[in-house]
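Spelled out, the chains give:
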Amino acid sequence: GYFQSPIDALLPVSMELKTEHRKLSLAMAIIMDRSGSMSMPAGGGGATKMDLANEGAANAIQFLGAQDYLTVFAVDSEAHEMVPLQQIGPNRQKMAGAVRRIQSMGGGIFVYEGLRAGWDALQKTEAGQRHLILFSDAADSEEPGDYKKLIEEIRKEGGTLSVIALGTRSDPDAKLLEDIASLGGGRLFFTDQPSELPSIFSQETVAVARSAF
């Protein structure tokens, strides 16, 4: 608990993780759909689909360890860096606050742009495990590009990829999201209940953290 605290510099020992310990950490990228469909109300309390997805991403941050790394991109026709890649450490609450402020901006999600940005960021770490979570609308996932080649690159470099799909398996883009999760070696979640998103993000993060451990 002394690492990066006010007394860290006064201690006669180093609290910094050594390189071999860094290799045991997890680096995660969350790719968030902020397309127009995410502005729709999602039940009582005035929350939108985007609000509930944001809460899910904030939950993920709470379940990561202090030594882990995270980056978050909000995606429409391009990927917007909402949380730069950084160690959780003392930044946990600041990072959670940043993801809770993501807003739906219209259009659709360009899937390839989001995955490319997330993977490019994760390649900058020495973490032993690198994982991406793609959150996307199963009825509005656009421009997948050459996603198979990109996922092949991710897997070859030891990365994994899971998908959280808002919708059902009968939605127009469900097959695409199923294929992405299958090729990515991760998990696939479908829900047509936005209120379930916070718990699904939590479940996925716990599973990834356990795997890293």
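Everything discussed here concerns the structure shown above.
Worth saying up front: this structure is predicted, and the values here are computed from it rather than measured.

Undergrad: Explanation requested: the side chain of Arg34 in the structure shown.
TA: Relative to the helices and strands, Arg34 resides in the loop between strand 1 (26-33) and helix 2 (49-63). Only 3.0 Å separates the side chain of Arg34 from the side chain of Asp76, close enough to count as a polar contact. In contact with Arg34, not counting residues within four places along its chain, are Met50, Ala74, Val75, Asp76, His80, Ile102, Gln103, Ser104, Met105 and Gly106.

Undergrad: Would you mind showing me how to read the sheet that holds strand 5 (residues 129-137) here?
TA: In a beta sheet, neighbouring strands are held together by backbone hydrogen bonds and run either parallel or antiparallel to one another. Across the sheet, 6 strands lie side by side as 3-2-1-5-7-8; this open sheet has mixed pairing. One side of each edge strand has no neighbouring strand; the edge strands of this open sheet are strand 3 (79-87) and strand 8 (185-191). Strand-to-strand twist of the sheet, defined as the mean angle between neighbouring strand axes without regard to direction, takes the value 10°. Here strand 7 (residues 160-166) runs beside strand 8; their pairing, made up of 5 bridges, is parallel. Within the sheet, the bridge partner assigned to Val163 lies in strand 8 and is Leu188.

Reading the values: the criteria
Residues numbered from 1 in each chain as written. Predicted model: local features only at pLDDT ≥ 70, side-chain atom pairs only at ≥ 80, totals over all residues. Heavy atoms only, no water. Helix = DSSP H or I, 4+ residues; strand = E, 2+ residues; numbered from the N terminus. Polar contact = N/O pair within 3.5 Å; in protein donor to acceptor, adjacent residues only side chain to side chain. Contact = heavy atoms within 4.5 Å. Pairing = 2+ DSSP bridges. Axes fitted to C-alpha atoms, helices over the stretch in contact; angles between N-to-C directions.

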